[in-house]
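Inside the fold
The primary structure of each chain is shown beneath.
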Amino acid sequence: MRAALAVYKRELASYFITPLAYLFIVVFLLLTGSLTFFMGGFLERGQADLQPFFSLHPWVYLFLVPAVAMRLWSEERKTGSIELLLTLPVPTTAAVLGKFLAAWSFIGIALALTFPLWITVDYLGDPDHGVILASYIGSLLLAGAYLAIGTAVSAATRNQVIAFVMTAAIGFCFVTAATPVILDFVSGWAGSALIEILSGLSFVVRFESIVRGVIDATDLVFFLSVIGVFLTANTLIVDLNRGR
Amino acid sequence: MTTLISVTDLEKNFGPIRAVDGISLSVDRGEVLGFLGPNGAGKSTTMKMITGFLAPDGGTIEIAGQDIETAPLAAKRRIGYLPEGAPAYGDMTVSGFLRFCADVRGLTGEYARDRIRDVLDKTQLFGVIHQPIETLSKGFKRRVGLAQALLHDPEILILDEPTDGLDPNQKHEVRTLIRSMARDKAIIISTHILEEVEALCTRVVIIAAGKVRRDATPRELLAEGPLDDVFRRITNPAA
């Protein structure tokens, strides 16, 4: 626990030593902010809610979260500092957890900085604050799921570009799992069970039900399981590399 | 004499290549073991296994009685390790990096501050404590790695080429430092500098192609002629 905390503090601080953190936060705020107004029709809709803002998140995270995750392990492998980390008395699970939570906190900070939108919508109308809070929690969970995929992939390669592309590709599968393109393609030959499974795996379907204001236990369990599965994979990959 | 490092029949393959082929050695408290061999002989690989970074394919490693594979954390707490090339987190400052190492090792408060001050003093890093490690020269980086290895005052030191990249004065300092700690620790150093062996080591293990070729005292080796010649004869019998 102590070791996990030490790793967490080091990782979180390391985001802010380099310009990466500030760049990420600025891009995230500009992208989500501008798209909410221009693509989401935030003002034209005439509704006091943040639906247009949140419905962008699965797509924005698809590219921004891999950028946060890609360096977590592959940079350590590339510079050799992983040898230092893994010969310190740190259990692999503690290192995995410390890194994941640091990156997740970082994304959480970026997400929290979108609060002016909340204030705006409150000024313009009378929004349902419960729904907005639920949406923020859902968004954080969604980011965590992408991030867990990203750290696991990052542990498997020393090349950050490969880590980025692979993470985005896997994330894309989860995002598009329930879109008509995939479902039409599958429905020709697959049974309804597979279609059920595919829509169950869709980040978008799960996330949108939270954004509508319904925090269903199954959606929470889904995102937490995705995080759990990929962090377990991450630990296994790091341990397997010892035997390489 | 207490045996602090005990390695038995260690094996490691990288694909079809057998990097370490049945190495056994033991180091007692008070010994400085010089680990010699040509490049690619398996020195670093052996050290990576002793410190728990790589998993062996065969054999056992005991660190003060604890098996590194079954009780890795207990064993790692007792080891100070300077990896090959002295990797560190380049974006951190020297003091930030040492504080992180102290944190991970559970050193706290006044004791942690004392230990950090002590290793900075021993490795003469006071002048650069606020510089990011990546901006330092090779010699300084090596000393940061050394400082990190000494931080928790471990009983066991594994140093992979500790004097590589240092200037002659710094080499002398590091050797004096190692010698001053030798009495109550078990130390393994790998090196290519044969004079270092004479100056520092109480015992020498020479390996080639993953096997131990010789385990002797420097005096015994010197009796056979100049160390250069002895080393060449042992590691390259054809020549």
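Each residue is numbered by its place in its chain's sequence as written, counting from 1. Chain labels run from A onward and ligand labels from 1 onward, assigned in the order the entries are written. Per-residue local features of the predicted model are confined to residues with pLDDT of at least 70, and side-chain atom pairs are confined, for both listing and counting, to 80 or more; whole-chain, interface and lining totals are unaffected and use all residues. To get the side-chain values, all heavy atoms of the structure are used, and hydrogens and water are removed first.

On a plain count of helices and strands, chain A comes out with 14 helices and zero strands. Put simply, chain A runs from its N terminus to its C terminus through helices and strands in the order α-α-α-α-α-α-α-α-α-α-α-α-α-α. Radius of gyration here is computed from C-alpha atoms only, and the compact-globule reference equals 2.2 Å multiplied by the residue count raised to the power 0.38. The globule rule puts the C-alpha radius of gyration for 244 residues at 18 Å, and the 19 Å found for chain A is close to it. Its C-alpha atoms put chain A at 60 × 50 × 30 Å along the principal axes. Secondary structure counts use DSSP, requiring at least four H or I residues in a row for a helix and at least two E residues in a row for a strand, with both numbered from the N terminus.

A few words on the nonpolar core. We call a set of buried Ala, Val, Leu, Ile, Met, Phe, Trp, Tyr and Cys residues a nonpolar core when their side-chain atoms join them within 4.5 Å. A simple rule labels every residue: compare its accessible area, found with a 1.4 Å probe on the protein chains alone, to the largest value its type can have, and call it buried under 20%, exposed over 50%, or partly exposed in between. Residues A:Phe203, B:Phe97, B:Phe100 and B:Ile188 are the most contacted members of the largest nonpolar core, which totals 152 residues. Here this core gets 13 residues from one element, more than from any other, and that element is helix H9 (residues 129-155) of chain A. Non-local contacts of B:Ile188, meaning those with residues more than four positions away in its chain, are made with B:Ile5, B:Leu25, B:Val27, B:Leu33, B:Phe35, B:Met47, B:Ile50, B:Leu157, B:Ile158 and B:Leu159. Residues count as neighbours in contact if any of their non-hydrogen atoms are within 4.5 Å of one another.

Bringing the confidence of the model for chain B into the picture now. All names here are of chain B. Averaged over all residues, the pLDDT of chain B equals 92, while 98% of them reach at least 70. What pLDDT reports is the predictor's confidence in each residue, on a scale of 0 through 100. Mean pLDDT across the elements of chain B bottoms out in helix H7 (residues 194-200) (86) and peaks in strand E6 (residues 79-82) (96). We note a pTM of 0.92 for the whole complex and an ipTM of 0.92 for its interfaces.

So, on to the sheet that holds strand E5 (residues 66-67) of chain B. Residue and element names in this part refer to chain B. Each pair of strands is called paired provided DSSP finds at least two bridges between the two strands. Taken in spatial order, the four strands line up as E2-E1-E4-E5 in an open sheet, and their pairing is antiparallel. Bordering the open sheet on either side are strand E2 (17-28) and E5, each of which pairs with just one other strand. Two strands pair when backbone bridges link them, and strand E4 (residues 58-63) and E5 are joined in this way by two bridges, in the antiparallel orientation. Along E5, the bridge assignment pairs Ile63 with Gln66. Only C-alpha atoms enter the line fits that serve as axes; for helices the fit covers just the stretch in contact. Angles between N-to-C directions range over 0 to 180 degrees. Strands strand E1 (3-14), E2 and E4 of the sheet are contacted by helix H1 (residues 43-50), whose axis makes an angle of about 120 degrees with E1.

What follows is about the side chain of A:Asp219. All names here are of chain A. Mapped onto the elements of the fold, Asp219 is located in helix H14 (residues 217-242). Judged by its relative accessible area of 5%, Asp219 is buried. Ignoring any residue separated from it by four or fewer positions in sequence, one finds Asp219 in contact with Arg206, Ser209 and Ile210.

Given 3.6 residues per helical turn, the α-helix brings residues three or four places apart onto the same face. Residues and elements named next belong to chain B. In this analysis, the expected span of each helix is defined as 1.5 Å times one less than the number of residues it contains. Between the first and last C-alpha of helix H6 (residues 168-181) there are 20 Å, a value that for 14 residues agrees with the 20 Å anticipated at 1.5 Å per step. Buried residues of H6: Gln170, Val174, Arg175, Leu177, Ile178 and Met181, and no others. The buried residues of H6 all sit within an arc of 160 degrees when viewed along its axis, so they share a single face. The exposed residues of H6 that point more than 90 degrees off its buried face are Pro168, Asn169, His172 and Ser180. Think of a polar contact as two N or O atoms within 3.5 Å of one another; within protein, one of them needs to be a possible hydrogen donor and the other a possible acceptor, and neighboring residues in sequence only count if both atoms come from side chains. The N-capping residue of H6, defined by a side-chain oxygen 3.0 Å from the backbone nitrogen of Asn169, is Asp167. This arc describes the spread of directions from the helix axis toward the C-beta atoms.

Looking now at unusual backbone geometry. Residue and element names in this part refer to chain B. Although it is not a glycine, Gln124 adopts a positive phi angle of roughly 55 degrees. Residue position: Gln124 is located in the loop between helix H4 (109-122) and helix H5 (138-150). Phi at Ala209 takes a positive value of approximately 50 degrees, unusual for a residue other than glycine. Structurally, Ala209 is set in the loop between strand E9 (203-208) and strand E10 (211-216).

With that settled, the discussion passes to the sheet that holds strand E7 (residues 156-160) of chain B. All names here are of chain B. Within the open sheet, the six strands sit side by side as E6-E7-E8-E3-E9-E10. Their pairing is mixed. Where the open sheet ends on each side, the last strands, each with one partner, are E6 and E10. Neighbour-to-neighbour, the strand axes of this sheet turn through a mean angle of 15 degrees, independent of strand direction. Taken together, the four bridges between E6 and E7 define a ladder with parallel strand orientation. Bridge pairing in E7 places Tyr81 opposite Ile158. Sheet strands touched by H5: E6 and E7. Its angle to E6, the strand with the most contacts, is close to 170 degrees.

Counted at 1.5 Å a residue, the expected span for H5(B) with its 13 residues is 18 Å, and the 19 Å between its end C-alpha atoms agrees. Summarising burial for H5(B): ten of the 13 residues are buried, a large majority. Where H5(B) is buried, its residues contact helix H6 (81-87) of chain A together with E6, helix H3 (94-104), H4, E7 and H6 of chain B.

Residue and element names in this part refer to chain A. Geometry of aromatic contacts follows a simple scheme: Phe, Tyr and Trp rings, the Trp one being its six-membered ring, pair when their centres are within 6.5 Å, and the pair is stacked under 30 degrees between planes, edge-to-face over 60, tilted otherwise. Using the criterion set out here, one finds 20 aromatic pairs over all chains in the structure. Geometrically, the ring pair formed by Phe203 and Phe223 is tilted, given 5.8 Å between the ring centres and 55 degrees between the ring planes. Of this pair, Phe203 sits in helix H13 (residues 203-211) while Phe223 is found in helix H14, placing the two residues 20 residues apart along the sequence. For Phe203, a relative accessible area of 0% puts it in the buried group.

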